Number of protein chains: 4
Amino acid sequence: MLVVMEKNATDSEIRRVIETIEAQGWEAKPIPGGERTAIGILRNETPVDPGLFLNLPGVKEAIPVSKPYKLVSREMHPEDTQIPFGNDGRVVIGDGHLHVIAGPCAIESESQALKTAERVKAAGATFFRGGAFKPRTSPYSFQGLGKQGLKILEKVREETGLFIVTEAIDVESLEMVEESADIIQIGTRNMQNYPLLRRAGQSKRPVLLKRGMWATVEEFLMAAEYIISEGNGSVILCERGIRTFTKHSRNTLDLNAIPFLKRESHLPICVDPSHAAGRRYQVAPLAKAAAVMGIDALLIEVHIAPEQALSDGPQSLTPDDFTALMGDLRSMGLPLPSL
Amino acid sequence: MLVVMEKNATDSEIRRVIETIEAQGWEAKPIPGGERTAIGILRNETPVDPGLFLNLPGVKEAIPVSKPYKLVSREMHPEDTQIPFGNDGRVVIGDGHLHVIAGPCAIESESQALKTAERVKAAGATFFRGGAFKPRTSPYSFQGLGKQGLKILEKVREETGLFIVTEAIDVESLEMVEESADIIQIGTRNMQNYPLLRRAGQSKRPVLLKRGMWATVEEFLMAAEYIISEGNGSVILCERGIRTFTKHSRNTLDLNAIPFLKRESHLPICVDPSHAAGRRYQVAPLAKAAAVMGIDALLIEVHIAPEQALSDGPQSLTPDDFTALMGDLRSMGLPLPSL
Amino acid sequence: MLVVMEKNATDSEIRRVIETIEAQGWEAKPIPGGERTAIGILRNETPVDPGLFLNLPGVKEAIPVSKPYKLVSREMHPEDTQIPFGNDGRVVIGDGHLHVIAGPCAIESESQALKTAERVKAAGATFFRGGAFKPRTSPYSFQGLGKQGLKILEKVREETGLFIVTEAIDVESLEMVEESADIIQIGTRNMQNYPLLRRAGQSKRPVLLKRGMWATVEEFLMAAEYIISEGNGSVILCERGIRTFTKHSRNTLDLNAIPFLKRESHLPICVDPSHAAGRRYQVAPLAKAAAVMGIDALLIEVHIAPEQALSDGPQSLTPDDFTALMGDLRSMGLPLPSL
Amino acid sequence: MLVVMEKNATDSEIRRVIETIEAQGWEAKPIPGGERTAIGILRNETPVDPGLFLNLPGVKEAIPVSKPYKLVSREMHPEDTQIPFGNDGRVVIGDGHLHVIAGPCAIESESQALKTAERVKAAGATFFRGGAFKPRTSPYSFQGLGKQGLKILEKVREETGLFIVTEAIDVESLEMVEESADIIQIGTRNMQNYPLLRRAGQSKRPVLLKRGMWATVEEFLMAAEYIISEGNGSVILCERGIRTFTKHSRNTLDLNAIPFLKRESHLPICVDPSHAAGRRYQVAPLAKAAAVMGIDALLIEVHIAPEQALSDGPQSLTPDDFTALMGDLRSMGLPLPSL
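Residues numbered from 1 in each chain as written. Chains lettered and ligands numbered in written order. Predicted model: local features only at pLDDT ≥ 70, side-chain atom pairs only at ≥ 80, totals over all residues. Heavy atoms only, no water.

**Some remarks on the overall build of chain A**
And then number 1: The helix and strand inventory of chain A stands at 11 helices and 14 strands.
And then number 2: Here the C-alpha atoms of chain A give a radius of gyration of 21 Å, agreeing with the 20 Å that 2.2 N^0.38 yields for 339 residues.
And then number 3: Dimensions of chain A along its principal axes, counting C-alpha atoms only, are 70 × 45 × 45 Å.
And then number 4: A buried classification covers 65% of the 339 residues belonging to chain A.
And then number 5: Counting only carbon and sulfur atoms, one obtains 47% of the accessible surface of chain A, whose full area is about 11,900 Å².
And then number 6: Distance between charge centroids for chain A: 4 Å, based on 38 positive and 43 negative side chains. (Helix = DSSP H or I, 4+ residues; strand = E, 2+ residues; numbered from the N terminus. Rg over C-alpha atoms; globule rule 2.2 N^0.38 Å. Buried < 20%, exposed > 50% of the residue type's maximum accessible area, 1.4 Å probe, protein only. Areas by Shrake-Rupley, 256 points an atom, 1.4 Å probe, with all protein chains shown as cover. Lys, Arg positive; Asp, Glu negative; His and termini not counted. Charge placed at Lys NZ, Arg CZ, Asp CG, Glu CD.)

See below:
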């Protein structure tokens, strides 16, 4: 239920609606807008009777919200969410630019990270990604450099000015990541790791939430709802491929989801063609396809020597491939930002 | 196995290779190229020993072909297949242009067809589609106008100059369709209807083969192989969405398949976002995404009054929507042809 | 809509309901029952107003049928369908016995067929299966012996008394199959080949309809509806595995579908674990699992020399494996019939 | 790589092999067997050269292990793993009995838990399940009673003698669960929550690991490998349905996986038809089907008043349904144990 106030509703009228909601044991979530205030009702297990509110002074309407998600929904927050970065907030995800987040799957060494970062920055990326904590299918695979990887990422930011995206795999690593990174990534396997989502919701850092490879778009939005319901509204939704019966790619990039997410939610949208493809030759064509759909960010894996990568080498672009892709995106007229 | 001849191989040397192949009970498929001839070996159930050929005069090499498909493969036919239409052959699918095939799911009346055709032609379509024979999930649904629908399609061509694409659902309807249409469509449900594929392979008309919604790309190429193995090399591969666990769209458009098909096969590629989406608002964004991947054709459902359509109304664009989409494609610099 | 008559409704009252239905351009399908007659309404594109019938003499109620399928539904036909075989009709699929249909994927020779048939009969099978017309993914694979295969199957019946099941792949082969076989099989790839389904609906032979590996259970029932709507009510529904993301089996046997089909439909149910598994070691465990769910038939591939089979060898049981499986089923107390 | 020692190999010969392995930076995992010792090599990123070991005294052979999983594999541990419970260890999962784990989705109150426990015990269950920590798709849904729920579960054990299974959703809850429960459940959404798996591997309690609804069987075994590689070999593999395109059930129970898992792994196997079905009427038929495949445990949701359940009511059996199912399993001759 969304209680929409009159344009000229007074503060005390708004307060009374909030008290009425709380008297039922529910939570009131005021959503200030340009013209008028609306108040969302959360934590109601059963449908809400609009009659509770319609006779209160200053109330214009009470709109039942049929979707299971609320805070992520355009019904509650019609304008696009914008997420500013840096001291001056000049770099914004969600302002109509197409940001490119690039870097290796895993941080392997300072030299690998810095060399890659210089190349992707020169090509036009604004964010650098690289995993310090890696969720790997095998317990015997490289699990990331951990804390040391975060130090390297900080150095990358210092030396290049690129903003940093890196993954947290549990509450412990999240507490380290939020100290070092500009965006906390929650990976596909953790999309329904609810304790981790709740903790990310208490962070001051924006969160890049990857869709579970098995998740419906409703479940994806509900995972974002977990984060926002704890107070952190800076969530970027990242489509990265779903598991299907096909074998010519690691996963199938679900671009049907993009118009759905843009219509249903106000959150910025990122697409990761690298993990969906799992094969280098598919990455650039898919990146271009996603880019023309009006998304806010692309996430592209780039490695200076893919054949030596400790993880995900076969899908990483070389810096040269990446530079060519960025040139193509630019010549297609896409709104790439500059740092 | 592909037996590649020397550049200056004589006709009698080529003949001798063919006889050697046929003496084993296999079929020889000479593939004349610009520079040299290669000869494919078909219908061998077991691997072929290259030694059979390497000592014959005029033979350069004998290349084992590891893929189950042969005639559809770039290994056997490196250049893109081009399919000309019309008396002068000026309109070509596969020459680098992006053709747009548009029209209603089903032909419902002459007036509906002509009105739609005029609008899609004005907007820049070069082909008109519309079903006269409809494969419908329910025996109680509208099954198409049949022969009468074909007459209407002929009239559309006469009056507008648009080329005609329409579906055949069995050998009987195919024999009517090849009389009336410029392209025979084989629908998703018939992708593994082998008697129908064989008969299409004996037709003089190009075939638009839709991928089965359950089919791997290898199975898709093998279906095309059925058609070509009967002598008809004019096959257009059409990706139209696969069945996955998601519910926000009717099917999931598998754009990962496009770079795969372009790399593996020389056949022209079409994408049908309308059937993949099943919802109007997803069609234009997906059409643009597919268009920038370097495909040869888009297939878009357009209906003058979608809310009255006898089938697939919810996914059909209005003529105004379609005109806007064509404008967007043009302003993106995509190589739309003109009639 | 189902118009249910009073117990003592007269013939002229029933006739009047039928005329009322036909006057609307719909089709009336009287369904005589033990106690009372019900009349189904088919070919209505829009919902039917119950008021049309409720005031007619002899009408008890008019029940809206919400499912897209009608004739296959228990709502229209509450009792289980029973399908008798042979001159005396003593062998019945649907009477509570568990019939086992066994034999090779393809008929390769008379000797192979007869040897296999003797072994499966000795072990307790009542039906023999084997393909004369094979739908193969590759145009270069063995396509079956055709007419000659049917002759061999007739000989098998003559010599062993086993009833015969074999596949039709188009109208032409169906017309040969219905002359030779006791059950016409429609394969998974043809589940939505509507012209073939319609023709099967005009046959006097029972039809074993395999579920499309991509088909929902609703689509599966609609395919059966096509057959029954043409007059042939003897349809056996065969679950044979669906396509999923897994790789440890060719397909995933969907046993969740069995209680659904038993509840929704009155048609007998068969399960084919061989094609679902694609690996011999999974066949017997899955056969036992399906058997205890109260199904009417199992379809098991058996080959005298699987390693030499021209198709599907890896999933075929040897006659010894099959005999052991039948022993297990018997010792589990399952109601295996005898010829 | 598995280094297999001679039957009469001495301790010092074994030690030398271990030192050779460790000198390479790998980990040696001695696996004592009845007759001879084998030594597994872990944490090698690249293939191991057998020549390193074949000339050492006491070495019989060096077997390359091709599978990504090792400790879970029958190659390394041919005999079935048995997991004893209770002080006397008389109750064993993996000894050939079919244990039934029953109870509500969530613990809602002491009275609900005790009443259900009495009924499922009377019907023959040996383990009681119920969630104190619930991973819920919506942040606004009931999240479980937490610590208080564990107290109720302890009381259930005290009063009924049933062993207790309950889920941990993060390291924090795992530390509470291992104090209270006999088996720690890791749920489907956490199958690739590697920090949680590692922590479970350091626990002394057996772990019931549910397959991710998106996971291949290889990924499932690798998740178990994470647990065992930390030292906890008491893992029970639980198939609970995978996500497919179908809609007649919540998920599709993948019974093809059972023979695969039994062949590949020595770990006990459990099947959960309740979550796969999501609909009550499918649960008992699927439970019977799974039971005849030779599994070690069934997990069945039972609620005293499903229509009032705070979660998963529609799939819960009533105590009467459950008693009937247990009677059926007993009359099918399945080896149900007694407490």
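Next comes the rest of the description.
**Digging into the side chain of Glu264(D)**
All names here are of chain D.
And then number 1: Topologically, Glu 264 is positioned in helix H8 (residues 257-264).
And then number 2: Looking at Glu 264, the relative accessible area reads 10%, which means it is buried.
And then number 3: Among the polar contacts listed, one links the side chain of Glu 264 to the side chain of Tyr 69, at a separation of 2.7 Å.
And then number 4: Once you skip the residues sitting within four places of it in the chain, Glu 264 turns out to touch Lys 67, Tyr 69, Val 72, Ser 73, Arg 74 and Leu 221. (Polar contact = N/O pair within 3.5 Å; in protein donor to acceptor, adjacent residues only side chain to side chain. Contact = heavy atoms within 4.5 Å.)

**Observations regarding the interface of chain B and chain A**
And then number 1: Tallying the contact residues gives 34 residues for chain B and 34 residues for chain A.
And then number 2: Of all residues in chain B, the largest losses of buried area upon contact with chain A belong to Phe245(B), His248(B) and Asn256(B), amounting jointly to 27% of the total for that side.
And then number 3: Scanning the region where chain B abuts chain A turns up zero salt bridges.
And then number 4: At the boundary of chain B and chain A, one finds seven residue pairs in polar contact (both at pLDDT 80 or more).
And then number 5: Only helix H8 (257-264), helix H9 (273-277) and helix H10 (280-291) of chain B provide two or more residues apiece to the side of chain B that touches chain A.
And then number 6: At six residues, the largest contribution of residues to the side of chain B that touches chain A is made by H10(B).
And then number 7: Residues belonging to the side of chain B that touches chain A are distributed by class as follows: 20 nonpolar, nine polar and five charged. (Buried area = accessible area lost by both parts, 1.4 Å probe. Salt bridge = Lys/Arg side-chain N within 4 Å of Asp/Glu carboxyl O. Nonpolar A, V, L, I, M, F, W, Y, C, P; charged D, E, K, R; others polar.)

**A short note on the sheet that holds strand E10 (residues 183-186) of chain C**
Residue and element names in this part refer to chain C.
And then number 1: What the eight strands build is a closed barrel, ordered E7-E8-E9-E10-E11-E12-E13-E14; its pairing is parallel. Averaged over all pairs of adjacent strands, the angle between their axes in this sheet comes to 25°, without regard to strand direction.
And then number 2: Sheet topology note: the strand E11 (residues 207-210)/strand E12 (residues 235-239) ladder contains four bridges and is parallel. Bridge pairing in E12 links Leu 208 to Ile 236.
And then number 3: In this fold helix H5 (residues 171-180) packs onto strand E9 (163-168) and E10, with an angle of close to 175° to the strand it touches most, E9.
And then number 4: Taken strand by strand, helix H8 (residues 257-264) contacts E12 and strand E13 (269-271), and its axis lies near 165° from that of E13. (Pairing = 2+ DSSP bridges. Axes fitted to C-alpha atoms, helices over the stretch in contact; angles between N-to-C directions.)

**Some points on the environment of Asp49(A)**
Residues and elements named next belong to chain A.
And then number 1: Mapped onto the elements of the fold, Asp 49 is located in the loop between strand E3 (37-42) and helix H2 (51-54).
And then number 2: Along the chain, Asp 49 and Ala 62 lie 13 residues apart, while their C-alpha atoms are 9.0 Å from each other.
And then number 3: A polar contact is formed between the side chain of Asp 49 and the backbone nitrogen of Gly 51, at a distance of 2.9 Å.

**Overview of the state of the cysteines**
And then number 1: Taken as a whole and assessed by the stated rule, the structure comprises zero disulfides over all chains.
And then number 2: Unpaired in terms of disulfides, Cys105(A) finds its nearest cysteine sulfur in Cys238(A), a separation of 13 Å. (Disulfide = S-S within 2.5 Å.)

**Comments concerning the domain arrangement of chain A**
And then number 1: Split into domains, chain A comes out as domain 1 (2-63) and domain 2 (83-331).
And then number 2: The centre of domain 1 of chain A, based on its C-alpha atoms, is set 37 Å off from the matching centre of domain 2 of chain A. (Domains from an automatic or database assignment.)

**Considering the pattern of salt bridges**
All names here are of chain D.
And then number 1: Taken as a whole and judged by the stated rule, the model has 60 salt bridges over all chains.
And then number 2: Close ionic contact of Lys 60 with Glu 61 constitutes a salt bridge, the shortest N to O distance being 3.7 Å.
And then number 3: The exposure class assigned to Glu 61 is partly exposed, which follows from its relative accessible area of 33%.
And then number 4: Note that Asp 320 is salt-bridged to Arg 119, the shortest N-O span being 2.8 Å. Taken together, the residues Asp 320 in helix H11 (residues 319-331) and Arg 119 in helix H3 (residues 110-123) connect sequence positions 201 residues apart.

**As for helix H1 (residues 11-23) of chain D**
Since the α-helix turns once every 3.6 residues, residues separated by three or four places project in the same direction.
And then number 1: Counted at 1.5 Å a residue, the expected span for H1(D) with its 13 residues is 18 Å, and the 18 Å between its end C-alpha atoms agrees.
And then number 2: Positive phi shows up at Gly25(D), right after H1(D), with a value of about 85°. (Expected span 1.5 Å × (residues − 1).)

**Thoughts on the sheet that holds strand E10 (residues 183-186) of chain D**
All names here are of chain D.
And then number 1: Taken in spatial order, the eight strands of this closed barrel run E7-E8-E9-E10-E11-E12-E13-E14, and their pairing is parallel. Here the average twist between neighbouring strands, direction ignored, is 25°.
And then number 2: Where E10 and strand E11 (residues 207-210) come together, three bridges link them in parallel fashion. Bridged to Ile 184 within E11 is Val 207.
And then number 3: Against the sheet, helix H5 (residues 171-180) contacts strand E9 (163-168) and E10, and its axis sits at roughly 175° relative to E9.
And then number 4: Against the sheet, helix H7 (residues 217-229) contacts E11 and strand E12 (235-239), and its axis sits at roughly 160° relative to E12.

**Overview of the packing of H7(D) against H8(D)**
All names here are of chain D.
And then number 1: Packing of H7 against H8 leaves a shortest axis separation of 11 Å and a crossing angle of 45°. Compared by their axis directions, H7 and H8 come out oblique. Read as a crossing pair, H7 and H8 show a hand that is right-handed. Counted together, Val 217, Glu 218, Phe 220 and Leu 221 of H7 and Ala 257, Phe 260, Leu 261 and Glu 264 of H8 form the full contact between these two elements.
And then number 2: Considering only residue class, the contact of H7 with H8 consists of six nonpolar, no polar and two charged. (Parallel < 35°, antiparallel > 145°, perpendicular 65-115°, else oblique. Left-handed = near helix turned anticlockwise from the far one by under 90°.)

**Considerations on the packing of helix H4 (residues 147-160) of chain A against helix H5 (residues 171-180) of chain A**
When two helices pack together, their arrangement is given by the angle between the helix axes and by the axis-to-axis distance.
All names here are of chain A.
And then number 1: The contact between H4 and H5 brings their axes to 10 Å, and the two run at 15°. With respect to H5, the axis of H4 lies roughly parallel. Handedness of the H4/H5 crossing: right-handed. Judged by residue contacts, Lys 147, Leu 150, Glu 154 and Arg 157 of H4 engage Met 176, Val 177 and Ser 180 from H5.
And then number 2: Across the contact of H4 with H5, the residue classes break down as three nonpolar, one polar and three charged.

**A short note on the relation of the copies chain B and chain A**
And then number 1: The transform that puts chain B on chain A rotates by 180° and translates by 0.0 Å along the axis, for an RMSD of 0.1 Å. Overall, the copies show the geometry of a two-fold rotation axis. Identified as the residue of chain B closest to the rotation axis by C-alpha distance is Ala289(B), at 2.0 Å.
And then number 2: Here 100% of the interface residues in chain B have copies in chain A that are interface residues too; the copies meet face to matching face. (Least-squares fit on C-alpha atoms with pLDDT ≥ 70 in both.)

**Remarks on the packing of aromatic side chains**
And then number 1: The tally for this structure, following the rule as stated, stands at 18 aromatic pairs over all chains.
And then number 2: With a centroid separation of 4.4 Å and an interplanar angle of 20°, the aromatic rings of Tyr194(B) and Tyr226(B) are classed as stacked. Of this pair, Tyr194(B) sits in helix H6 (residues 194-201) while Tyr226(B) sits in helix H7 (residues 217-229); the two residues are 32 residues apart in sequence, bridging distant segments of the chain.
And then number 3: Taking 5.4 Å as the distance between ring centres and 35° as the angle between the ring planes, the aromatic pair formed by Phe127(C) and Phe163(C) counts as tilted. Of this pair, Phe127(C) sits in strand E8 (residues 127-129) while Phe163(C) sits in strand E9, and the two are 36 residues apart along the sequence. For the pair formed by Phe127(C) and Phe163(C), the shared burial category is buried.
And then number 4: These aromatic residues form a ring-pair network of at least three members: Phe85(A), Phe127(A) and Phe163(A).
And then number 5: Its end group placed over the ring of Tyr281(B), Arg263(A) keeps NZ or CZ at 3.7 Å from the ring centre. (Phe/Tyr/Trp six-rings, centres within 6.5 Å; stacked < 30°, edge-to-face > 60°. Lys NZ or Arg CZ within 6 Å of the ring centre and 35° of its normal.)

**Re the pairing of E11(D)**
And then number 1: Covered by surrounding structure in E11(D) are Val207(D) and Leu209(D) together with Leu208(D) and Lys210(D), the residues of both alternating faces.
And then number 2: The parallel pair E11(D) and E12(D) is bridged by H7(D), and the resulting crossover is right-handed. (Right-handed = clockwise from strand over helix to strand, strands pointing away.)

**Focus on the confidence of the model for chain A**
And then number 1: For chain A, per-residue confidence averages 93 on the pLDDT scale, and 98% of positions sit at 70 or higher.
And then number 2: Scoring the predicted complex yields pTM 0.88 and, for the interface, ipTM 0.87. (pLDDT = per-residue confidence, 0-100.)

**Quick look at the side chain of Lys210(B)**
Residues and elements named next belong to chain B.
And then number 1: Within the secondary structure, Lys 210 is located in strand E11 (residues 207-210).
And then number 2: Note on Lys 210: relative accessible area 3%, which makes it buried.
And then number 3: At a separation of 2.6 Å, a polar atom in the side chain of Lys 210 contacts the side chain of Asp 272.
And then number 4: Residues contacting Lys 210, with those up to four places away along its chain left out, are Arg 129, Gln 185, Ile 186, Gly 187, Thr 188, Met 191, Phe 220, Cys 238, Arg 240, Asp 272, His 275 and Leu 299.

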